[in-house]
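# Summary of structural features
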Amino acid sequence: MSVLSGKKILLGVTAGIAAYKSASLVRAFIKAGASVQVVMTEAAKEFVTPLTLSTLSRNPVHSSFTIEGDENAVWTNHVELGLWADLMVIAPATANTLSKMANGASDNLLLATYLSAKCPVYFAPAMDLDMYIHPSSENSFQKLQSYGNVMIEATSGELASGLVGKGRMAEPEDIVSFIEKDILNKLPFKGKRVMITAGPTYEAIDPVRFIGNHSSGRMGVELALRAASLGAQVDLILGPSAIKVSNSAITVHNVVSGEQMYDAAHAIFNDVDVAIASAAVADYKPATVATEKIKKNDSSMSIELVKTKDILASLGEIKKHQYLLGFALETQNEIENARKKLKKKNLDGIVLNSLNDKGAGFQTKTNKITFIDKEGTATPYELKSKAAVSIDIFDKIASQVL
Ligand code: CTP
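Residues numbered from 1 in each chain as written. Predicted model: local features only at pLDDT ≥ 70, side-chain atom pairs only at ≥ 80, totals over all residues. Heavy atoms only, no water.

## What to know about the site of the ligand
Let me state the cut-off plainly: Near residues are defined by distance, with any heavy atom within 4 Å of the molecule or strand qualifying the residue. Polar contact is the term for a pair of N or O atoms within 3.5 Å; when the atoms are in protein, one must be able to donate a hydrogen and the other to accept it, and sequence-neighboring residues count only if both atoms are side-chain atoms. Computed with a 1.4 Å probe, the accessible areas rest on the Shrake-Rupley method; for each residue, only the protein chains presented here act as cover. The numbering of helices and of strands both runs from the N terminus, where a helix is a DSSP run of H or I of at least 4 residues and a strand a run of E of at least 2.
Around the ligand sit 15 residues in total, of which Ala 277, Ala 279, Phe 327, Lys 341 and Lys 345 are the nearest. Ala 277 is positioned with one of its backbone polar atoms (N or O) 2.6 Å from an oxygen atom of the ligand. Protein contacts shield 75% of the accessible area of the ligand, which totals 580 Å² for the unbound molecule. For the shell around the ligand, the secondary-structure elements that each account for two or more residues are helix 11 (311-318) and strand 16 (323-330).

Okay, structure coming up:
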């Protein structure tokens, strides 16, 4: 899946011959899963029609603040357009527009939108070779990059003038892969490895029976997806769960018992930057596992149980550089008990679920948490989807580890 999937892209089209390629660029963004709106200069319409771009982007094309001669015309809000965008891409970007952008001119909708946009801005210059190397163009490139805008360099080849040299706008598919790579390289957890335990464990009684619990594993899976979307390399150690995870940044280690989860966690813990224990590990397991199916005989039977290893506590004992986060499910004196657990297991933070809260806990798509940091400071959150909760949790982790 492209990192552009779900992103809102505002494409600025200016008046260069390469504007005909902006139709392919819109298609490539849409193919990557982005939504696209186009803002173009009046002169750009000489090179590519608004109808082409609106059809391909499935959105009206914006070019002026109002529609001339239309007394019912509404004002196109450049501020709203700028705020709508997750990223703005100006391609082709002419020498004229780049110079105006560099100097804060805003005499058309595209420029006013550029000045209003708070998102990352990319620009792909397109001009003749002598214009490209003119000190004034170089000055615009430098200035815009000093504002944090990202330049997608032109390539060399035959130009519209018939001359051969540098000035051709990068090809649409190269613009898309340039932006994808740039976004990935700037993700906050890029280069970090995150380990997450999730789901229930099954502790065998005999070949057909086990002791388990109702954990779905959803909270841990959402945390894994969030970590991956922030650029981390993720190891998800997952007990028996119906949820299928398919994400190139997530390695799923399927385990069944607490012992297997313990071994999987210890095999990689040394190499991770962040470890999160969200699994509902069985606290007890049968002292012995019957090799044959146990037959029913007497009117009652008992199974001797022994404690399982506490994975989280064992990680807390050997922790060095790692940020270690645990979960606690409490029913009374919740915050106090969670704080005690945080200290006892040598954690950097703990996520408290209270069973007193409706919609929190097992087998729900929602959760209501309180995050307690190492100093014991508690931050309560509203009831949210587990995907939204995972965003809150990673915001907290990021504030500690980045
Ligand atoms: N945990 C673990 N290994 C275990 C048991 C728990 O890694 N064998 C982790 C869980 O993943 C969770 C935290 O420890 O992050 C929960 O701590 P625990 O002491 O089990 O507390 P609760 O489950 O909240 O319940 P209780 O207080 O009854 O022990």
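## Structural notes on the sheet that holds strand 5 (residues 150-151)
To keep things clear, this is the line we draw: The criterion for strand pairing is that DSSP finds at least two bridges linking the strands in question. Contacts: residue pairs with any heavy atoms within 4.5 Å of one another. Axes here refer to lines fitted to C-alpha atoms; in helices the fit is confined to the stretch in contact. Angles between the N-to-C directions go from 0 to 180 degrees.
Sheet architecture is open: five strands sit in the order 2-1-3-4-5, paired in parallel fashion. Since the sheet does not close on itself, it has two edges, and those belong to strand 2 (35-40) and strand 5, each with one partner. Contacts between helix 1 (residues 22-31) and the sheet are confined to strand 1 (8-13), strand 2 and strand 3 (87-93), with strand 1 contributing the most and set at about 175° to the helix.

## Quick look at the packing of aromatic side chains
The condition that has to hold: Any Phe, Tyr or Trp ring, taking Trp's six-membered ring, that has another such ring centre within 6.5 Å forms a pair; planes under 30 degrees apart are called stacked, those over 60 apart edge-to-face, and the others tilted. Only protein chains enter the accessibility calculation, which uses a 1.4 Å probe; a residue whose area is less than 20% of its type maximum is buried, one above 50% is exposed, and one in between is partly exposed.
All told, the structure shown has four aromatic pairs when counted by the stated rule. Each ring, one from Tyr 202 and one from Phe 210, has its centre 3.8 Å from the other, and the planes form 10°; the classification is stacked. You can call Tyr 202 partly exposed: its relative accessible area is 26%. Look at Phe 210 and you get partly exposed, because its relative accessible area is 43%. An aromatic cluster is defined as three or more aromatic residues linked by ring pairs; in this entry it consists of Phe 123, Tyr 132 and Phe 141.

## Points about the packing of helix 1 against helix 8 (residues 172-185)
Going by this rule: Roughly parallel means an angle under 35 degrees; roughly antiparallel means over 145; roughly perpendicular covers 65 to 115; every other angle is labelled oblique. Each crossing gets its hand from how the near helix is turned against the far one by less than a right angle, where anticlockwise is left-handed and clockwise is right-handed. Under this grouping Gly is polar, as are all residues other than the nonpolar Ala, Val, Leu, Ile, Met, Phe, Trp, Tyr, Cys and Pro and the charged Asp, Glu, Lys and Arg.
Orientation of helix 1 relative to helix 8, taken along the N-to-C sense of each, is 40°, at an axis distance of 8 Å. With respect to each other, helix 1 and helix 8 are oriented oblique. As for how helix 1 packs across helix 8, the hand of that crossing is right-handed. Counted together, Ser 24, Leu 25, Ala 28 and Phe 29 of helix 1 and Pro 172, Ile 175, Val 176 and Ile 179 of helix 8 form the full contact between these two elements. Here the contact of helix 1 with helix 8 is composed, by residue class, of seven nonpolar, one polar and no charged.

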